[in-house]
Structure formats: C-alpha cells, structure tokens
Amino acid sequence: MRKMGIKKSTIIWLMTTAAFMLGLPWGTTQLPSEFGFPAAIFLFLSINPVYSLILGIFTGFAPKDRWWLLLAEAGLYLSGAWIFIAPLEPAFLQYAFLYTAAGAIAMGFTAAIRKSWAKRQGRGERRY
C-alpha cells in the first residue's frame, strides 16, 4: 500500500507556481501604462509557456503524484489574470488551456523518456 502525502519538493513547486501566476500579473499592473501592456504580452507569450513546460517536465518525474500541479497552475493563472489584468476576460481561458496542454505534453514526454531509460538500464544496455 502506498503512503499518501505530498513531498516537500511538490509543495515548493506549488508555492513557486502561485508566486509566478499571481505575482507576475500583479507586477505588470504596477508598471506605467506604456510598459505594462508590452510586459503583459511578454508574460503571456513567453514567460508563462516556458514555465508551463518546465512544470510539465518536473511533473513527469512522478506523474501519478504531481499531475494536479498542472491544473493548479491553470487555476492560479486564471485567478491572477482575472484579478489583476482583465476581470472575467474569456480569452484567458484559452491561454490557461494551452498552458495546461503544453505542460501535459511535457509531462508525457518526460515520463516516457524516463520509462524508456529505466528499461534500458534494467537490461544492462548502456547509452552515453
């Protein structure tokens, strides 16, 4: 029987995700208007997708235990965007879906690569 519980590293990733997804949208609203809009676009089109991929890779190391981090990221992203940038803007739902999909794809690739690597190591094959 498996012991239920959340690892410390998962809690740290959850807190980091909350800081990114809530703090960065708030930070863009603190900038002057001529810098806030470009900063928000940069955030939505580059920083958040890269963070989603990194989170997906982390999640892929233990997908059965950490899959929910991808959903938490989407929820925190929507909260931050709707609170600080544009309340109830439906376009943010599309971004949240795309970020979750990117993270899920990264999680799947990471899990498959780790499984393949573990099989190779078990048979005694060496790859450098």
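So, here is what we can say about the structure in this document. Predicted, not measured: the structure shown is a model, and the values here were computed from it. (Residues numbered from 1 in each chain as written. Predicted model: local features only at pLDDT ≥ 70, side-chain atom pairs only at ≥ 80, totals over all residues. Heavy atoms only, no water.)

Helices and strands together make up the secondary structure of the protein chain, namely five helices and zero strands. In sequence order, the protein chain lays out its α and β elements as α-α-α-α-α. A globule of 128 residues ought to have a C-alpha radius of gyration of about 14 Å, yet the protein chain, at 17 Å, is considerably larger. Looking at the protein chain as a whole, 29% of its 128 residues qualify as buried. Restricting to contacts in the protein chain with at least 6 residues of sequence separation, those with at least 24 account for 69%. (Helix = DSSP H or I, 4+ residues; strand = E, 2+ residues; numbered from the N terminus. Rg over C-alpha atoms; globule rule 2.2 N^0.38 Å. Buried < 20%, exposed > 50% of the residue type's maximum accessible area, 1.4 Å probe, protein only. Contact = heavy atoms within 4.5 Å.)

Its 17 residues give helix H4 (residues 68-84) an end-to-end C-alpha distance of 24 Å, which sits within 8% of 24 Å, the value for a rise of 1.5 Å per residue. Listed as buried for H4 are Leu69, Leu70, Ala72, Glu73, Ala74, Leu76, Tyr77, Leu78, Gly80 and Ala81. (Expected span 1.5 Å × (residues − 1).)

A few words on helix H2 (residues 33-60). The terminal C-alpha atoms of H2, which comprises 28 residues, lie 39 Å apart, in line with the 40 Å expected from a rise of 1.5 Å per residue. Looking only at H2, the buried set comprises Gly36, Ala40, Leu43, Phe44, Asn48, Tyr51, Ser52, Leu55, Gly56, Phe58, Thr59 and Gly60.

Bringing the packing of aromatic side chains into the picture now. Here the structure, examined in full by the defined rule, presents ten aromatic pairs. Ring plane angle 35 degrees and centroid distance 6.1 Å describe the contact between Tyr95 and Tyr99, whose orientation is recorded as tilted. Of this pair, Tyr95 and Tyr99 both sit in helix H5 (residues 91-123), four residues apart, which is roughly one turn of that helix. Each residue in the set Phe44, Tyr77, Phe92, Tyr95 and Tyr99 is aromatic and connected to the rest through ring pairs, giving one cluster. (Phe/Tyr/Trp six-rings, centres within 6.5 Å; stacked < 30°, edge-to-face > 60°.)

Within the largest apolar cluster, 18 residues are counted, with the highest numbers of intra-cluster contacts made by Met21, Phe44, Leu55, Tyr77, Leu78, Phe92 and Ala96. Every element with two or more residues in this core is listed here: H2, H4 and H5. The element that contributes the greatest number of residues to this core is H4, accounting for seven residues. Dropping the residues within four chain positions of it, Phe44 is found in contact with Pro49, Tyr77, Ile85, Phe92, Tyr95 and Tyr99. (Core = buried A, V, L, I, M, F, W, Y, C linked by side-chain atoms within 4.5 Å.)

Quick look at a nonpolar patch on the surface now. Together, Trp26, Ile83, Phe84 and Ile85 make up a nonpolar patch on the protein surface, roughly 370 Å² of accessible area in all. Overall, Ile83 belongs to the exposed group, its relative accessible area being 59%. (Patch = residues over 30% accessible without salt bridge, like charges linked within 9 Å, V, L, I, M, F, W, Y side chains within 5 Å. Areas by Shrake-Rupley, 256 points an atom, 1.4 Å probe, with all protein chains shown as cover. Salt bridge = Lys/Arg side-chain N within 4 Å of Asp/Glu carboxyl O.)

So, about unusual backbone geometry. A positive phi angle, near 55 degrees, is found at Leu88, a position not held by glycine. Along the chain, the position of Leu88 falls in the loop between H4 and H5.

A few words now on the environment of Val50. For Val50, the position within the fold is in helix H2. For Val50, a relative accessible area of 46% translates into the label partly exposed. Taking the C-alpha atoms as reference points, Val50 and Tyr99, 49 residues apart in sequence, are found 8.9 Å from one another.

Another aspect to go through is the side chain of Thr59. Within the secondary structure, Thr59 sits in helix H2. Residues within four places of Thr59 in sequence aside, it is in contact with Arg66, Trp67, Leu69, Leu70 and Met107.

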